[in-house]
Amino acid sequence: MIARSLLFWVFASISHSAIAGSMVVLDVQAALQSSNAAEAFRADLVKSTSQQESQVRDLENQAKKMQSDFELNKGLLTQEQIQQKDLQFKKVYGEYQRQLQALQQQRAAMEKEFLEGMRPKLDQVIKALIDEGDISLIINRQSAI
């Protein structure tokens, strides 16, 4: 089922104007991203990282609120209070950056794992394309001018 879906998107990603005899330009990235497997992966990615994303957004909002409150009240604060508010802001903002980076790394690792798992299926689809279409050359769209 995944291979059939991927085959459809590979065929759909082939540039019809680039077909000249046995040469084909293929947009592999578009084929992968348009497949049912990619759609399911994106849904799973959002679901599995939604809690961390929510925490990151909460920290971002907290840091923004602290910054705006500070700007509103900075004329009323003593130097000690300013330093304390600045320290609190730096702590929250630092945690926000740490959690955001961890979330981005987790998503990148999951995407890499997905692409590595899809590579053999994509190779099968490309081989089927070569056999069925008597293609002797496939050029990746990103490599073509």
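In what follows, the structure referred to is the one given above.
This one's a predicted model, so the numbers in the text were calculated from it and none came from an experiment.

What counts, and at which threshold
- Residues numbered from 1 in each chain as written.
- Predicted model: local features only at pLDDT ≥ 70, side-chain atom pairs only at ≥ 80, totals over all residues.
- Heavy atoms only, no water.
- 1 Å grid on protein atoms, 1.4 Å probe; cavity = no way out; pocket = protein on both sides within 12 Å on 5 of 7 lines; lining within 4 Å.
- Points joined across faces, edges and corners; volume = space filled by probe spheres on them.
- Helix = DSSP H or I, 4+ residues; strand = E, 2+ residues; numbered from the N terminus.
- Nonpolar A, V, L, I, M, F, W, Y, C, P; charged D, E, K, R; others polar.
- Core = buried A, V, L, I, M, F, W, Y, C linked by side-chain atoms within 4.5 Å.
- Buried < 20%, exposed > 50% of the residue type's maximum accessible area, 1.4 Å probe, protein only.
- Contact = heavy atoms within 4.5 Å.
- Salt bridge = Lys/Arg side-chain N within 4 Å of Asp/Glu carboxyl O.
- Phe/Tyr/Trp six-rings, centres within 6.5 Å; stacked < 30°, edge-to-face > 60°.

Trainee: Is there a simple way to explain the layout of surface pockets in this structure?
Mentor: To find the voids left in a structure, one rolls a probe of water-molecule size over its atoms. Considered as a void within the structure, the largest pocket measures approximately 200 Å³ in volume. Looking at the largest pocket, the residues that line it are Met 66, Gln 67, Asp 69, Phe 70, Glu 71, Asn 73, Leu 77, Ile 82, Lys 85, Asp 86, Gln 88 and Phe 89. Among the elements that line the lining of the largest pocket, the one with the most residues is helix 3 (residues 36-73), at six residues. Partitioned by chemical class, the residues of the lining of the largest pocket number five nonpolar, three polar and four charged. There is about 150 Å³ of room inside the second largest pocket. In terms of residues, the lining of the second largest pocket owes the most to one element, helix 3, which gives four residues. Among the residues forming the lining of the second largest pocket, the class breakdown is six nonpolar, two polar and two charged.

Trainee: Honestly, the nonpolar core in this entry has me stumped. Any pointers?
Mentor: Soluble globular proteins tend to bury their nonpolar side chains together. Leu 26, Val 28, Leu 32, Ala 37, Ala 38, Phe 41, Leu 45, Met 110, Phe 114, Met 118, Leu 122 and Ile 126 form the largest nonpolar core, which has twelve residues in total. Secondary structure elements with two or more residues in this core: helix 2 (28-33), helix 3 and helix 4 (79-133). Contact partners of Phe 41, with chain neighbours within four places excluded, come to Met 110, Glu 111 and Phe 114.

Trainee: Quick question: what am I supposed to make of the pattern of salt bridges here?
Mentor: When the charged atoms of two side chains with opposite charge come close together, those side chains can pair. Applying the stated criterion to the full structure yields eleven salt bridges. Its salt-bridge partner being Lys 65, residue Asp 69 comes within 2.9 Å of it at the nearest N-O pair. You can see Asp 69 and its partner Lys 65 sitting in helix 3, four residues apart, about one turn around the helix. As a salt-bridge pair, Asp 123 and Arg 119 come within 3.2 Å of each other at their nearest N and O atoms. With Asp 123 and Arg 119 both in helix 4, this residue pair falls four residues apart, about one helical turn. Classification of Asp 123 by relative accessible area gives partly exposed; the value is 37%. Residue Arg 119 is classed as partly exposed on the basis of its relative accessible area, which comes to 44%. One network of salt bridges, with partners in common, ties together Glu 53, Arg 57 and Arg 107.

Trainee: Is there a simple way to think about the environment of Ile 82 in this case?
Mentor: Here Ile 82 shows up in helix 4. Looking at Ile 82, the relative accessible area reads 21%, which means it is partly exposed. The spacing of Ile 82 and Phe 70 is twelve residues in sequence and 8.0 Å in space, taken between C-alpha atoms. The residues touching Ile 82, leaving out its near neighbours within four places in the chain, are Phe 70, Lys 74 and Leu 77.

Trainee: What's the story with the packing of aromatic side chains in this structure? I'm lost.
Mentor: Two measures describe an aromatic ring pair: the distance that separates the ring centres and the angle between the ring planes. Applying the stated criterion across every chain, the model contains three aromatic pairs. Between the aromatic rings of Phe 41 and Phe 114, the centroid separation amounts to 4.5 Å while the plane-to-plane angle is 15°, which identifies the pairing as stacked. Placement of Phe 41 in helix 3 and of Phe 114 in helix 4 is noted, with a sequence separation of 73 residues between them. Across the pair, Phe 114 and Phe 41 agree in class, each one buried. With a centroid separation of 5.7 Å and 40° between ring planes, the pair formed by Tyr 93 and Tyr 96 is classed as tilted.

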